[in-house]
Amino acid sequence: MFNPSAIAACRMVEEKCAEDPEYRRKLEKTGKPLLSQVRRLSDEALIEKLGSLGVPMNRERLEPLLGRFVSAEEMAAALEPETPSRGKEGIESDWLWMALVVLWERWFPDRPNAEMLDDKMQEGYGQEEKNSRLGCETWLEAWRMFLRLIDQWKIGSIREFDDRFRGSQAVFNWVQDLETALWNAGLDERDLLEKRIAYCEEYLERFGAEEPSITQGMRIATAETHAELGQMEKAEGFFRQWLAEDPQWGWGWIGWSDQYGLTRRPERRNFEKALQILNEALAVKAVRDKRDILERLEDVYKELGRPEEAREVQRRKKEFEALSQALAKEEKRARSISGLLQPDDPEMPSPQLPPRQKIGRNDPCPCGSGKKYKKCCGR
């Protein structure tokens, strides 16, 4: 069960207050503070409040604590034993954490913490639709903040970071949203495409060995951005290099063919080249995502106005799907025979198969494209 951080939980409460006046009135009656209210208080008022909780605070005391904690939430938990017993839970605990959040961000804005990163990520989401460039710039600041924090925490993987961060957004999803935002904004402001390349390359250098689906997406993004900037030789070189390393990467072949088939640049369109790449992919033994390759091949034939070839590819696709289903049934039967399922053995009850997981819209697409489900098969 997801256990949100204090800043993520606080954000949810603030949003509910904004949407539901009755909920806000009930909350106000409890005396529970909101972070937005605490942020309106002066430094003096916050220092006085902390003093009343038994936690005297000033810049000289706060600064050495920054190196020990990655969030104001962790700092508050460590300082809580200093408070009277009444302050160890509930409203007084909220005040302790919120006052530390505000003083940290005011006095030491150049020393990021988890709360600052969460705020910066959410700020970018709020800006993205209204001002795509501003949203991208905000998120690139958040990216640099994230890298600083992951080094400070001495964490090597994004998933491990997310487990500790517990933010309003999972970094696992957000890194993909940033790549997409840089592409969309970069189509109008070309310098953002250069920043997209730098971002993808930095991601691949730091985290390329971690999550195959994201790594593949970042690779395609890198190559397609070079192509969009007219650097086809570089784009070709990347695809050739990656497919030499992993020739069975189906979506790598598709991404390469798209630079000629489904490109938005008419001057670069070369359907015959796209066909050549896709047919080369189909010649690779045990190529992954074969159905998707066939589907893209069918699309290219349709674009060329060659319906007979398109129908032939459609037939091949149906044959492949039927074969895949038959193989899946045979595998299931073989497992049953080998005793893995043991449906009729009264001495050994059948193991409970795990429930089929629902695919979240922000989860990696199970087709292996490297994209999020909502931007691929989830459409």
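Owing to the predicted nature of the structure, the values given are computational and were not obtained by experimental measurement. (Residues numbered from 1 in each chain as written. Predicted model: local features only at pLDDT ≥ 70, side-chain atom pairs only at ≥ 80, totals over all residues. Heavy atoms only, no water.)

Let us look at the packing of aromatic side chains. Aromatic ring pairs: the centre-centre distance and the angle between the two ring planes describe each pair. In this structure the tally under the stated criterion is 13 aromatic pairs. Each residue in the set Trp143, Phe146, Trp153, Phe161, Phe165, Tyr199, Tyr203 and Phe207 is aromatic and connected to the rest through ring pairs, giving one cluster. Against the face of tryptophan 153 rests arginine 164, its NZ or CZ located 4.8 Å from the ring centre. (Phe/Tyr/Trp six-rings, centres within 6.5 Å; stacked < 30°, edge-to-face > 60°. Lys NZ or Arg CZ within 6 Å of the ring centre and 35° of its normal.)

Bringing the packing of helix H8 (residues 114-128) against helix H9 (residues 132-152) into the picture now. It is at 8 Å that the axes of H8 and H9 come closest, and there the two elements cross at 160°. For the element pair H8 / H9, the angle class is roughly antiparallel. For the element pair H8 and H9, the recorded crossing hand is left-handed. Each of Ala114, Met116, Leu117, Lys120, Met121, Glu123, Gly124, Tyr125, Gln127 and Glu128 in H8 lies in contact with H9, whose residues at this interface are Ser132, Leu134, Gly135, Thr138, Trp139, Glu141, Ala142, Met145, Phe146 and Leu149. (Axes fitted to C-alpha atoms, helices over the stretch in contact; angles between N-to-C directions. Helix = DSSP H or I, 4+ residues; strand = E, 2+ residues; numbered from the N terminus. Parallel < 35°, antiparallel > 145°, perpendicular 65-115°, else oblique. Left-handed = near helix turned anticlockwise from the far one by under 90°. Contact = heavy atoms within 4.5 Å.)

The subject of this paragraph is the packing of helix H11 (residues 171-186) against helix H13 (residues 212-228). The geometry of H11 relative to H13 is characterised by a closest axis approach of 11 Å and an angle of 10° between their N-to-C directions. Overall, the two elements H11 and H13 adopt an arrangement that is roughly parallel. Two secondary-structure elements touch here, H11 through Phe172, Val175, Gln176, Glu179 and Trp183 and H13 through Ile214, Met218, Ala221, Glu224, Thr225 and Glu228. Residues of the contact of H11 with H13, tallied by class, amount to 6 nonpolar, 2 polar and 3 charged. (Nonpolar A, V, L, I, M, F, W, Y, C, P; charged D, E, K, R; others polar.)

Time to look at the pattern of salt bridges. Side-chain pairs of opposite charge can arise whenever the charged atoms involved come near each other. Considering all chains together, one arrives at 40 salt bridges under this definition. Glutamate 137 is the partner of arginine 133 in a salt bridge, and the nearest nitrogen-oxygen pair spans 3.4 Å. With arginine 133 and glutamate 137 both in helix H9, this residue pair falls 4 residues apart, about one helical turn. With relative accessibility at 23%, the residue glutamate 137 sits in the partly exposed group. One continuous salt-bridge network, built from bridges that share partners, spans Arg291, Glu295, Glu298, Lys302, Lys317 and Glu321. (Salt bridge = Lys/Arg side-chain N within 4 Å of Asp/Glu carboxyl O. Buried < 20%, exposed > 50% of the residue type's maximum accessible area, 1.4 Å probe, protein only.)

On to the nonpolar core. Judged by nonpolar contacts, the single largest core of 66 residues is most densely connected at Leu100, Trp143, Phe146 and Phe161. Element by element, the count of residues in this core is highest for helix H7 (residues 90-107), at 11 residues. The residues touching phenylalanine 161, leaving out its near neighbours within four places in the chain, are Leu117, Phe146, Leu149, Ile150, Trp153, Ile155 and Val171. (Core = buried A, V, L, I, M, F, W, Y, C linked by side-chain atoms within 4.5 Å.)

On to the environment of isoleucine 254. One can find isoleucine 254 in helix H15 (residues 250-258). When its relative accessible area of 0% is taken as the criterion, isoleucine 254 is described as buried. Measuring from C-alpha to C-alpha, the distance between isoleucine 254 and isoleucine 293 comes to 6.3 Å, with 39 residues separating the pair along the chain. Other than its neighbours up to four places away in sequence, isoleucine 254 contacts Leu278, Asp292, Ile293 and Arg296.

With that settled, consider the state of the cysteines. Scanning the model with the defined rule gives 0 disulfides in all. In this structure cysteine 10 is not part of a disulfide, and its nearest cysteine sulfur, from cysteine 17, lies 9.1 Å away. (Disulfide = S-S within 2.5 Å.)

Let us look at the confidence of the model for the protein chain. Across the protein chain, pLDDT averages 88, with 86% of residues at or above 70. The low-confidence segment residues 344-358, where pLDDT is below 50, has 8 contacts with residues more than four positions distant or belonging to other chains. (pLDDT = per-residue confidence, 0-100.)

Okay, unusual backbone geometry next. The phi angle at lysine 154 is positive, at roughly 55°, despite the residue not being glycine. Within the secondary structure layout, lysine 154 lies in the loop between H9 and helix H10 (158-165). In the Ramachandran plot, alanine 286 falls in the positive-phi region, its phi being about 60° despite a non-glycine side chain. Position of alanine 286 among the secondary structure elements: in the loop between helix H16 (271-282) and helix H17 (290-303). We classify alanine 286 as exposed; its relative accessible area is 55%.

Structurally, the position occupied by alanine 181 is in helix H11. Residue alanine 181 is classed as buried on the basis of its relative accessible area of 5%. Between the alpha carbons of alanine 181 and glycine 135 there is a distance of 8.1 Å; along the sequence they are 46 residues apart. With near-sequence residues (within four places) excluded, alanine 181 lies in contact with Glu128, Cys136 and Trp139.

On to helix H14 (residues 232-245), then. In this model H14 runs 20 Å from its N-terminal to its C-terminal C-alpha over 14 residues, within 8% of the 20 Å that 1.5 Å per residue would give. Taken as a whole, H14 has its buried residues at Met232, Ala235, Glu236, Phe239, Trp242 and Leu243. On an axial view of H14, the arc spanned by its buried residues comes to 140°, and they lie on one face. Those residues of H14 that are exposed and angled more than 90 degrees off the buried face are Glu233, Ala244 and Glu245. Turning to H14, the residues buried within the fold contact H13, H15 and H16. (Expected span 1.5 Å × (residues − 1). Arc of directions from axis to C-beta.)

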